[in-house]
Each structure stands twice: as C-alpha cells, then as structure tokens.
Amino acid sequence: EAGVAQSPRYKIIEKRQSVAFWCNPISGHATLYWYQQILGQGPKLLIQFQNNGVVDDSQLPKDRFSAERLKGVDSTLKIQPAKLEDSAVYLCASSLARGLSEKLFFGSGTQLSVL
Amino acid sequence: DQQVKQNSPSLSVQEGRISILNCDYTNSMFDYFLWYKKYPAEGPTFLISISSIKDKNEDGRFTVFLNKSAKHLSLHIVPSQPGDSAVYFCAAKAGKLIFGQGTTLQVKP
C-alpha cells in the first residue's frame, strides 16, 4: 500500500514570497490533515478536510495560508506571503475514517526555510 | 496553552534496558491517547494507543500506561533496542489530535 506522498521535500524561499505544497493521501482515505511542525515542537494542526469539505481550520492563519482539496483526493497548502516564522516542516496526514480510534498516517513532510 | 507536555526533551538508555517516556496532559476531556515515533526526515508513524477507559495497553515490547487521576501517560519499551532511537510524540484526542513536544530517545549499544 502506497503511503502519503508529499512534494517538494525541501523548499527555500525569501520572506514575502509565495510557496505551495502538495499532498496525495493514501487511496480511499477520506480525511486529510495539514500539520505544521516547528523545530523543537510537536506537530500543530492547521486544517482538516473530510472529503473535500473543511472540518477544522481554527488554527490556520487565514490572512496568509490557504488550503484546498479538490475532488476529495489531492490537497495543496499555500502560503502567501511567507514570513520568517513560517519556517517549519509541513506534514500531511490522512486517515480512513474519523472516530475515537482513528489513526493518522503521515507523509515525510516538506521542510520550508524562509530567509 | 500547552495541553500535552513531554517535559523530558531527551532520554538515553543502554540496549536491553527499559525506556520510560512520560507525558502529562491538562484537558480532562481527552478520551484517546496515542504515541507516535519519528525518524529523521520521515513523518511520524503510529506506535500504540490507549482509550481513556483503560489503564494499560500492551503490544510486544511496547506498553502504554494511563493514570487519569494524575493526568499522566507513559510509554515503556522493554527491552530497548538501538533501532528504537527516534523522537517519540505523545498525542491526545478530544475531537482533534494535540501533540506533545516530543522526547528524543537514544538507545546505546
């Protein structure tokens, strides 16, 4: 079974530039998550999709971050314009179904450096 | 407001001995707890979980203990192996999943 695919693996940009990350979840997984992991911290949920609808985006900085999941499969996360504090690893995860014992499967992440 | 805390940033143990990783939480509404393991340049992978109605769950060398009165969770690895060297995250669920900061475990041969 193929895992969660993310690209690119690394990205270096200057502040105020734009950047986009792509995620392809495990086939059949209805729920998709984007997490931000700053160095030395645990992953923090940015946005959660159920199929192509948003379930939770309460911690997404909507003035600069946007995400979409077209057709309920692939997803893109965009930052425009980037700030220095956006430097982090952006992790995509997917799960088969929501529920108490839901298990998330993570991709390898995109490491973003904002200079 | 850190709802899930792993107060030990790192832990070093000898191969064959027990590793104990600890996690404290503040939200009594958490009803499910998980441990994830993360190797460098990889995403976290699920390790073991426990429901709030239980106090222990075991899977091979890994055992998770839950003390609800103390709001404390621990992961025991015995015997520890060099391949267990990784960052371990505890996570708690009340709707969404909240992660701790992680503990880096080093198992020395």
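Overview of the structure. Being a predicted model, the structure only gives us computed values, none of them experimental. (Residues numbered from 1 in each chain as written. Chains lettered and ligands numbered in written order. Predicted model: local features only at pLDDT ≥ 70, side-chain atom pairs only at ≥ 80, totals over all residues. Heavy atoms only, no water.)

Section: the pairing of strand 7 (residues 65-68) of chain A
Residues and elements named next belong to chain A. Here strand 7 pairs with strand 8 (residues 75-79) via four bridges, running antiparallel. Within the sheet, the bridge partner assigned to Ser66 lies in strand 8 and is Lys78. With antiparallel pairing between neighbouring strands as the criterion, strand 7 and strand 8 make up a hairpin whose turn holds six residues, including Lys71 at a positive phi of roughly 60°. (Pairing = 2+ DSSP bridges. Helix = DSSP H or I, 4+ residues; strand = E, 2+ residues; numbered from the N terminus.)

Observations concerning the interface of chain B and chain A
On the chain A side, the residues contacting the 17 residues of chain B number 21 residues. Counting the surface lost from both chain B and chain A, the interface buries some 1500 Å², and carbon and sulfur atoms represent 57% of this. The interface formed by chain B and chain A holds one salt bridge in total. A salt bridge links Asp56 of chain A to Lys96 of chain B; the shortest N-O distance between them is 3.3 Å. At the boundary of chain B and chain A, one finds five residue pairs in polar contact (both at pLDDT 80 or more). At the level of secondary structure, the elements contributing two or more residues to the side of chain B that touches chain A comprise strand 4 (32-38), strand 9 (86-94) and strand 10 (96-99) of chain B. With four residues, strand 4 of chain B is the single largest residue contributor to the side of chain B that touches chain A. Taken together, the residues that form the side of chain B that touches chain A break down as nine nonpolar, three polar and five charged. (Contact = heavy atoms within 4.5 Å. Buried area = accessible area lost by both parts, 1.4 Å probe. Salt bridge = Lys/Arg side-chain N within 4 Å of Asp/Glu carboxyl O. Polar contact = N/O pair within 3.5 Å; in protein donor to acceptor, adjacent residues only side chain to side chain. Nonpolar A, V, L, I, M, F, W, Y, C, P; charged D, E, K, R; others polar.)

Quick look at the pairing of strand 9 of chain B
All names here are of chain B. Counting buried residues along strand 9, seven of its nine residues qualify, which places the element largely inside the surrounding structure. Two strands pair when backbone bridges link them, and strand 4 and strand 9 are joined in this way by seven bridges, in the antiparallel orientation. Opposite Trp35, over in strand 9, you have Cys90 as the bridge partner. Summarising the sheet, strand 9 and strand 11 (residues 103-108) pair through three bridges and their orientation is antiparallel. Paired with Val87 across the bridge in strand 11 is Thr104. With four bridges connecting them, strand 9 and strand 10 associate as antiparallel partners. When the sheet's bridge partners are listed, Lys93 is paired in strand 10 with Leu97. (Buried < 20%, exposed > 50% of the residue type's maximum accessible area, 1.4 Å probe, protein only.)

Here we look at the state of the cysteines
The final tally for this structure, using the stated rule, is two disulfides over all chains. One disulfide bridge connects Cys23 of chain A with Cys92 of chain A, the sulfur atoms lying 1.9 Å from each other. With the S-S bond torsion at -70°, the cross-link from Cys23 of chain A to Cys92 of chain A turns out left-handed. Pair noted here: Cys23 of chain A is in strand 3 (residues 19-24) and Cys92 of chain A is in strand 9 (residues 88-95), with a separation of 69 residues, a long-range link. Cys92 of chain A shares its class with Cys23 of chain A; the two are buried. With a sulfur-sulfur separation of 1.9 Å, Cys23 of chain B is cross-linked through a disulfide to Cys90 of chain B. Taking the sign of the S-S torsion, about 60° here, the bridge from Cys23 of chain B to Cys90 of chain B comes out right-handed. Pair noted here: Cys23 of chain B is in strand 3 (residues 19-25) and Cys90 of chain B is in strand 9, with a separation of 67 residues, a long-range link. As far as the burial class goes, Cys23 of chain B and Cys90 of chain B line up, both buried. (Disulfide = S-S within 2.5 Å.)

Examining the pattern of salt bridges
Two side chains bearing opposite charge may form a pair once their charged atoms approach each other closely. Scanning all chains against the criterion turns up four salt bridges over all chains. Residue Lys62 of chain A is joined to Asp57 of chain A by a salt bridge in which the shortest nitrogen-to-oxygen separation is 3.7 Å.

A closer look at the environment of His76 of chain B
Residue and element names in this part refer to chain B. Take His76: it is sitting in strand 8 (residues 72-77). Note on His76: relative accessible area 18%, which makes it buried. In this structure, the C-alpha to C-alpha distance between His76 and Thr63, residues 13 residues apart in sequence, is 5.1 Å. Not counting the four nearest positions on each side in its chain, His76 is found in contact with Ile18, Ser19, Ile20, Arg61, Phe62, Thr63 and Phe65. For His76, the side chain forms a polar contact with the side chain of Ser74, separated by 3.5 Å.

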